[in-house]
Amino acid sequence: MKIITFAAIKGGVGKTTLTFNYGEWLARKGHKVLFIDLDHQCNLTQCYNIYESQNTIANAFKGGNVDIKQVKENISLIPGSVQLDSVERDLENSDKKNMLLYLWLEDNYEKKKLGQFDYILIDCRPDFATATKNAVAVSHAIISPLTPSEFGYNAKFNLSTRLEAFRKDVIDYRTRESYITAELYFLANMIRPN
Ligand SMILES: Nc1ncnc2c1ncn2[C@@H]1O[C@H](COP(=O)(O)OP(=O)(O)OP(=O)(O)O)[C@@H](O)[C@H]1O
Ligand SMILES: [Mg+2]
């Protein structure tokens, strides 16, 4: 299984579009894909006409059941929650706030048959806050769309710097090794030939 997070500090650069297209493409190739919507705007969830307020991904952070919905052949989705930002704020003082998704995946691997998925693709909101850090902590790779503008270019360094700081922060205190092993890839998006 590969876990890939789509993240960027800048909004509107194509995270959700890329997550959706990549997942749909993988599914058509015969891979089993699980989408996790970690953006409280819930755009990825809405792509599948799901408007759910119960058993959403928010429960992975605050306890309770999380639904995995099959939305079409080879594609399942854990719906996003409009309350995820307030759930994140409530976690502010928790020591393990950045590792809750990691713990949830481990605790539910057998129960929710997560081993059936070839890919887990996680769509994030434009920041490097608690939900995004949780996604990064479980991922093998981070794909960050980059658009051709000065602000887009600055956002590239912003994300790299924050990721490196996060890597240094989340370590095994005995071995000093980081739990954060994800590779960061930038993907040029919305390039107009001119
Ligand atoms: N390669 C592309 N070519 C043309 N339009 C694109 C491309 N990628 C994304 N878009 C368009 O850009 C807009 C923003 O894309 P999208 O919602 O995927 O960005 P996002 O990074 O997820 O935004 P947010 O930060 O709000 O979550 C959408 O209208 C989408 O259709
Ligand atoms: Mg989005």
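Let me begin by describing the structure that accompanies this report.

What counts and how
Residues numbered from 1 in each chain as written. Chains lettered and ligands numbered in written order. Predicted model: local features only at pLDDT ≥ 70, side-chain atom pairs only at ≥ 80, totals over all residues. Heavy atoms only, no water. Helix = DSSP H or I, 4+ residues; strand = E, 2+ residues; numbered from the N terminus. Rg over C-alpha atoms; globule rule 2.2 N^0.38 Å. Buried < 20%, exposed > 50% of the residue type's maximum accessible area, 1.4 Å probe, protein only. Lys, Arg positive; Asp, Glu negative; His and termini not counted. Charge placed at Lys NZ, Arg CZ, Asp CG, Glu CD. 1 Å grid on protein atoms, 1.4 Å probe; cavity = no way out; pocket = protein on both sides within 12 Å on 5 of 7 lines; lining within 4 Å. Points joined across faces, edges and corners; volume = space filled by probe spheres on them. Nonpolar A, V, L, I, M, F, W, Y, C, P; charged D, E, K, R; others polar. Near = heavy atom within 4 Å. Polar contact = N/O pair within 3.5 Å; in protein donor to acceptor, adjacent residues only side chain to side chain. Areas by Shrake-Rupley, 256 points an atom, 1.4 Å probe, with all protein chains shown as cover. Salt bridge = Lys/Arg side-chain N within 4 Å of Asp/Glu carboxyl O. Contact = heavy atoms within 4.5 Å. Phe/Tyr/Trp six-rings, centres within 6.5 Å; stacked < 30°, edge-to-face > 60°. Lys NZ or Arg CZ within 6 Å of the ring centre and 35° of its normal.

**Some remarks on the overall build of the chain**
The helix and strand tally for the chain stands at 7 helices and 7 strands. When the elements of the chain are put in sequence order from the N terminus, they spell out β-α-β-α-α-β-β-α-α-β-α-β-α-β. The C-alpha atoms of the chain give 16 Å as radius of gyration, which agrees with the globular expectation for 194 residues (16 Å, within 12%). Reported as C-alpha extents along the three principal axes, the dimensions of the chain are approximately 50 × 45 × 30 Å. For the chain, the proportion of its 194 residues judged to be buried stands at 49%. Side-chain charges of the chain comprise 24 positive and 23 negative groups, with the mean position of each set lying 3 Å from the other.

**With respect to the layout of surface pockets**
Taken as a whole, the largest pocket holds about 230 Å³ of empty space. Every residue along the wall of the largest pocket is listed here: S94, D95, K96, K97, N98, M99, D169, V170, I171, Y173 and Y179. The residue makeup of the lining of the largest pocket, split by class, is 5 nonpolar, 2 polar and 4 charged.

**Quick notes on the site of ligand 1**
Taken together, the residues surrounding ligand 1 are G11, G12, V13, G14, K15, T16, T17, D39, Q41, P126, N189 and M190. Take G12: an N or O atom from its main chain is 3.0 Å from an oxygen atom of ligand 1. For ligand 1, an oxygen atom lies 2.4 Å from a polar atom in the side chain of T17. Alone, ligand 1 offers 620 Å² of accessible surface; in the complex the protein occludes 58% of this.

**Description of the pattern of salt bridges**
Working definition: two side chains of opposite charge can pair if their charged atoms are close together. Enumeration according to the criterion identifies 6 salt bridges in this entry. Two residues, E88 and R125, come together in a salt bridge whose shortest N-O distance is 2.8 Å. Of the two residues, E88 sits in helix 4 (residues 84-90) while R125 sits in the loop between strand 5 (119-124) and helix 6 (130-138), which places them 37 residues apart along the sequence. Residue R125 is classed as buried on the basis of its relative accessible area, which comes to 15%. A salt bridge links D127 to R125; its shortest N-O distance comes to 2.5 Å. Given a relative accessible area of 14%, D127 falls into the buried group. Here the salt bridges share partners, and the residues they tie into one network are E88, R125 and D127.

**Concerning empty space enclosed by the protein**
Within the structure shown, the criterion is met by 1 cavity of 30 Å³ or more. Its volume calculated, the largest cavity comes out at about 50 Å³. Contributing to the lining of the largest cavity are A8, I9, K10, V13, S144, P145, L146, T147, G152, A155, K156 and F186.

**Focus on the environment of T181**
If you trace the backbone, T181 turns up in the loop between helix 7 (150-169) and strand 7 (183-188). The class for T181 is exposed, based on a relative accessible area of 57%. The spacing of T181 and H140 is 41 residues in sequence and 6.5 Å in space, taken between C-alpha atoms. Those residues in contact with T181 that sit more than four places away from it in its chain are S139, H140 and R167.

**Quick look at the packing of aromatic side chains**
What the rule picks out here adds up to 6 aromatic pairs. Geometrically, the ring pair formed by F20 and Y48 is tilted, given 5.6 Å between the ring centres and 45° between the ring planes. Remark: Y48 occurs in the loop between helix 2 (43-47) and helix 3 (58-62) and F20 occurs in helix 1 (residues 15-28); sequence separation between them is 28 residues. Members of the aromatic cluster, joined through ring pairs, are F6, Y22 and W25. Lying across the ring of F157, K156 places its NZ or CZ 5.1 Å from the centre.

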